[in-house]
Amino acid sequence: MLRLPNIPNLNFPTFYEEFLPKPCMVKPNEGISIAPAPPLTLQQLCLSPKLSPVISTKEISKNIAHSATTSTDNIAMDRHCCSNSSSSSNTGRLSSMWREVQGSKNWENLVDPLDSLLRSEIIRYGEFVAACYDAFDLDPNSKRYLNCKYGKRRMLSEVGLGESGYQVTKYIYATPDIINVFPNNISIGSSCGKWIGYIAVSNDEETKRLGRRDVVVTFRGTVTIPEWIANLMSSLTPASLDPHNPRPQVKVEAGFLSLYTSNEDKKFGLGSCREQLLSEIGRVVNKYKGEDMSITLAGHSMGSALAILLAYDIAELGLNTHDDHTVPVTVFSFGGPRVGNSGFKERCEELGVKVLRITNVNDPITKLPGVFLNENFRVLGGKYEVPWSCSCYAHVGVEILLDFFKMHNPSCVHDLGTYLSLLKCPKRLHVQKEEDIDFINKAKEFVISGLNLQWKNAAMNMVNMVQSQRT
């Protein structure tokens, strides 16, 4: 049992009402139809500021298991309305323009409108992420509880990706170092690493179709209690992943960094999540170093944060560089939160890390952390950098904004299955343009313009006062 004293009960509707648009903002006959709402999962509430005073691990796992089983159903939802006519035509295009799809030109002319080839690749990598949920064992009575249900050789086949052309080479385990965060009388479960994702490599036939050897790393979102507690650790801390140059100005969220670097798993012979990842990626890149290659990282929610951290780590350490040849590193992020500060964002851009963020305008997780201290409030009036700018969170990369929301099932706004279902149905796909949701920025500019006017008036008054005292 997890006991957190003197914390109010979690009110699910209230939590979402704080972030979601009012009912009048939902246009009739738009969006997607979905099944009745399942119980909210920790995956959807991983960054909620409210916790219930007594939470049963078994009860939570039972609810998650019920909700997780809907992922595949959501992905298959309304499949009859989805058009697959572009698949054959895109096959020939992919081998010739895979670098553009991986972000070599920052997805210029591919996002607005959303290119059919890019859309199909986003879906393909999203399904690799969905496989993490489908293969995750949430049965408390199972010997594989909180680990993968299947062995590496047959995992993709078991979740319906047997024809994907990829072979899993390694499973990844992780656990955050949060033992010292809570008093001794609070139980948070075992610190043993839990299965969080996998690494897979394209076979020769798929490599020919793709135009390069593709190394895929995927991460699921938050499920276990230690993981979502780690997500509440929203303070910024130096990443310090390069031992030769710590770069103290490059800061990331402490909880994500803890999950990525914690050595709690060493007692089980696994090493940290970071050590597992870098070791296997280094091995695979070295094995295929004579070929055209790409490193593609994909994740949902907390998993997208780990994907971005890994992408930065690979590029910072130069693991993607051999004989003056650089392997492109690309992240496909689904419903991901902010990971680091503006220094982290700028360093990722310097290193050539490409991030494509697929977000729902109504998804509260994509607004966190840094609801107030973020990239939108770092500079006043486009001229004056605020003193606390180094403590402002900032998103990395290019954003594709979707717009979906259902009043009878608010949890769908963060559900990976819903993201993929919408992307699979072009007729129902609504890619939101920046100007459509620029209310906050316009409000900010209005306030700033008012402040600028007040500052100018105050400055003129000061000058007039000084001049009057001189005469």
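Note that the structure is a prediction, hence the values are computed from the model and not measured.

A separate point is the pattern of salt bridges. As a working rule, side chains carrying opposite charge can pair if their charged atoms are close by. Enumeration over the complete set of coordinates arrives at 17 salt bridges. A salt bridge links Arg 212 to Asp 214; the shortest N-O distance between them is 3.8 Å. Here Arg 212 and Asp 214 have matching classes, each one buried. Residues Glu 316 and Arg 247 are paired through a salt bridge, measuring 3.5 Å at the closest nitrogen-oxygen approach. Of this pair, Glu 316 sits in helix α11 (residues 302-317) while Arg 247 sits in the loop between β6 (236-238) and β7 (251-253); the two residues are 69 residues apart in sequence, bridging distant segments of the chain. When its relative accessible area of 9% is taken as the criterion, Glu 316 is described as buried. On the basis of relative accessibility, which here comes to 18%, the residue Arg 247 falls in the buried class. If you follow the salt bridges from partner to partner, you end up with Glu 121, Arg 124, Glu 206 and Arg 209 in one network.

Moving on, we come to the nonpolar core. In this structure, Leu 118, Ile 122, Met 155, Trp 195, Tyr 198 and Leu 423 are the most contacted members of the largest nonpolar core, which totals 55 residues. Residue contributions to this core peak at twelve residues, all from helix α5 (residues 116-135). Those residues in contact with Leu 118 that lie beyond four places of it in its chain are Val 101, Trp 107, Leu 110, Val 111, Phe 332, Leu 356 and Ile 400. One finds Val 201, Tyr 260, Met 293 and Val 339 within the second-largest nonpolar core, a separate group that totals 46 residues.

On to the packing of aromatic side chains. This model, assessed by the stated rule, comprises seven aromatic pairs. Centre to centre, the rings of Phe 136 and Trp 195 are 6.3 Å apart; their planes meet at 20 degrees, and the pair counts as stacked. Linking Phe 136 in the loop between α5 and α6 (155-158) with Trp 195 in strand β4 (residues 194-202), this pair joins segments that are 59 residues apart in sequence. Grouping residues by exposure puts Phe 136 and Trp 195 together as buried. The positively charged end of Arg 124 is found above the aromatic ring belonging to Tyr 125, 4.6 Å away from the centroid.

Right, let's get into the side chain of Asp 415. Tracing the backbone through its elements, the reader meets Asp 415 in the loop between β17 (398-402) and α13 (416-424). In this structure Asp 415 is buried but unpaired, with Lys 424 as the nearest side chain of opposite charge at 12 Å. A polar contact is formed between the side chain of Asp 415 and the backbone nitrogen of Gly 417, at a distance of 3.2 Å.

In this model α11 runs 23 Å from its N-terminal to its C-terminal C-alpha over 16 residues, within 8% of the 22 Å that 1.5 Å per residue would give. Judged by how many residues are buried, α11 sits mostly within the fold: 15 of 16 residues are covered. With its phi angle positive at about 75 degrees, Gly 318 sits one or two positions after the end of α11.

What counts, and where the lines are drawn
Residues numbered from 1 in each chain as written. Predicted model: local features only at pLDDT ≥ 70, side-chain atom pairs only at ≥ 80, totals over all residues. Heavy atoms only, no water. Salt bridge = Lys/Arg side-chain N within 4 Å of Asp/Glu carboxyl O. Buried < 20%, exposed > 50% of the residue type's maximum accessible area, 1.4 Å probe, protein only. Helix = DSSP H or I, 4+ residues; strand = E, 2+ residues; numbered from the N terminus. Core = buried A, V, L, I, M, F, W, Y, C linked by side-chain atoms within 4.5 Å. Contact = heavy atoms within 4.5 Å. Phe/Tyr/Trp six-rings, centres within 6.5 Å; stacked < 30°, edge-to-face > 60°. Lys NZ or Arg CZ within 6 Å of the ring centre and 35° of its normal. Lys, Arg positive; Asp, Glu negative; His and termini not counted. Polar contact = N/O pair within 3.5 Å; in protein donor to acceptor, adjacent residues only side chain to side chain. Expected span 1.5 Å × (residues − 1).

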